[in-house]
Amino acid sequence: LAPGIAGAKWDTVKPLGRYVADLNKCILFDDDEYKVLESEKNHHVLVPEWNGETADDTLTCLVESTLKHIPSSGDKDVRIAAATISMDLLDHSEQAKRKENGAAKRAAAPGAPESLTDFSPARSELASLSLTTP
């Protein structure tokens, strides 16, 4: 479902500002970007979809990163924390892919070197987020 195309708004978009008094103290964790209003995307952490693997430790990474980066209650703005948590999840995902690809390459060709880099357009988009007040 996409906003305005099918279903009710509450099925597709999660407008935080409508329900939260201080939006700068709110982070939306979701596995879909289309559910986030454009004006609130700096408050969104894109959580990778669980692939069903029991070895997938993305949730552990999410919890650890959230606890590490959420500012103390005295701080007023969590947007930087949201971007940092997103970067941590992206790093975690890239490491898991490299590990998986490396294992597949070693199985196919023992002794072959693993790729050392994995450019992600999402990384540059996260790095360029601007912090503007609504």
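Since the model is a prediction, treat every value here as computed from it, not as a measurement.

A.B. asks: Hey, could you go over the overall build of the protein for me, with residue numbers and the actual values?
C.D. replies: A count of helical and extended segments in the protein gives four helices and two strands. When the helices and strands of the protein are read in sequence order from the N terminus, they spell out α-β-β-α-α-α. A buried classification covers 27% of the 134 residues belonging to the protein. A separation threshold of at least 6 residues defines the contact pool for the protein, and within that pool the share at least 24 residues apart is 49%. A total accessible area of about 9200 Å² is found for the protein, and carbon and sulfur atoms account for 56% of it.

A.B. asks: Describe a nonpolar patch on the surface, and please don't skip the residues or the numbers.
C.D. replies: Side chains of Leu-59, Val-63 and Leu-67 sit close together on the surface and give an oily, nonpolar patch of about 330 Å² of accessible area. In this structure, Val-63 sits in helix α2 (residues 58-69). For Val-63, a relative accessible area of 41% translates into the label partly exposed.

A.B. asks: Could you give an account of the side chain of Asn-24, with specific residues and numbers?
C.D. replies: As for its position among the elements, Asn-24 is in the loop between α1 (9-12) and β1 (28-30). Overall, Asn-24 belongs to the buried group, its relative accessible area being 16%. In contact with Asn-24, other than residues within four places in its own chain, are His-43, Lys-76, Asp-77, Val-78 and Arg-79.

A.B. asks: Could you give me a rundown of the pattern of salt bridges, with the residues and numbers involved?
C.D. replies: If you walk through the whole model with that rule in mind, you get five salt bridges. With a shortest N-O distance of 2.3 Å, Asp-30 and Lys-14 are connected by a salt bridge. With Asp-30 in strand β1 and Lys-14 in the loop between α1 and β1, this residue pair connects regions lying 16 residues apart in the sequence. Look at Asp-30 and you get buried, because its relative accessible area is 5%.

A.B. asks: Hey, could you go over the environment of Asp-32 for me, with residue numbers and the actual values?
C.D. replies: Assignment of secondary structure puts Asp-32 in the loop between β1 and β2 (44-46). Here the alpha-carbon distance between Asp-32 and His-44, two residues 12 residues apart in the chain, equals 9.6 Å. Contacts of Asp-32, omitting those with residues within four sequence positions, involve His-44 and Leu-46.

A.B. asks: Can you tell me about the confidence of the model for the protein, naming the residues and giving the values?
C.D. replies: A low pLDDT score tells you not to read the predicted coordinates there in detail. Confidence in the prediction of the protein, expressed as mean pLDDT, is 76, and 69% of residues score 70 or more. Per-element confidence in the protein ranges from a low mean pLDDT of 58 for helix α4 (residues 121-127) to a high of 93 for β2. Counted against residues more than four places away or in other chains, residues 112-119, with its pLDDT under 50, gives 11 contacts.

A.B. asks: How would you sum up the side chain of Glu-40? Please name residues and give values.
C.D. replies: With respect to the helices and strands, Glu-40 occurs in the loop between β1 and β2. The side chain of Glu-40 sits in the buried core without any salt bridge; Arg-18 is the nearest counter-charge, 8.0 Å away. Separated by 2.9 Å, the side chain of Glu-40 and the backbone nitrogen of Gly-17 make a polar contact. Those residues in contact with Glu-40 that lie beyond four places of it in its chain are Lys-14, Pro-15, Leu-16, Gly-17 and Leu-23.

The rules behind each value
Residues numbered from 1 in each chain as written. Predicted model: local features only at pLDDT ≥ 70, side-chain atom pairs only at ≥ 80, totals over all residues. Heavy atoms only, no water. Helix = DSSP H or I, 4+ residues; strand = E, 2+ residues; numbered from the N terminus. Buried < 20%, exposed > 50% of the residue type's maximum accessible area, 1.4 Å probe, protein only. Contact = heavy atoms within 4.5 Å. Areas by Shrake-Rupley, 256 points an atom, 1.4 Å probe, with all protein chains shown as cover. Patch = residues over 30% accessible without salt bridge, like charges linked within 9 Å, V, L, I, M, F, W, Y side chains within 5 Å. Salt bridge = Lys/Arg side-chain N within 4 Å of Asp/Glu carboxyl O. pLDDT = per-residue confidence, 0-100. Lys, Arg positive; Asp, Glu negative; His and termini not counted. Polar contact = N/O pair within 3.5 Å; in protein donor to acceptor, adjacent residues only side chain to side chain.

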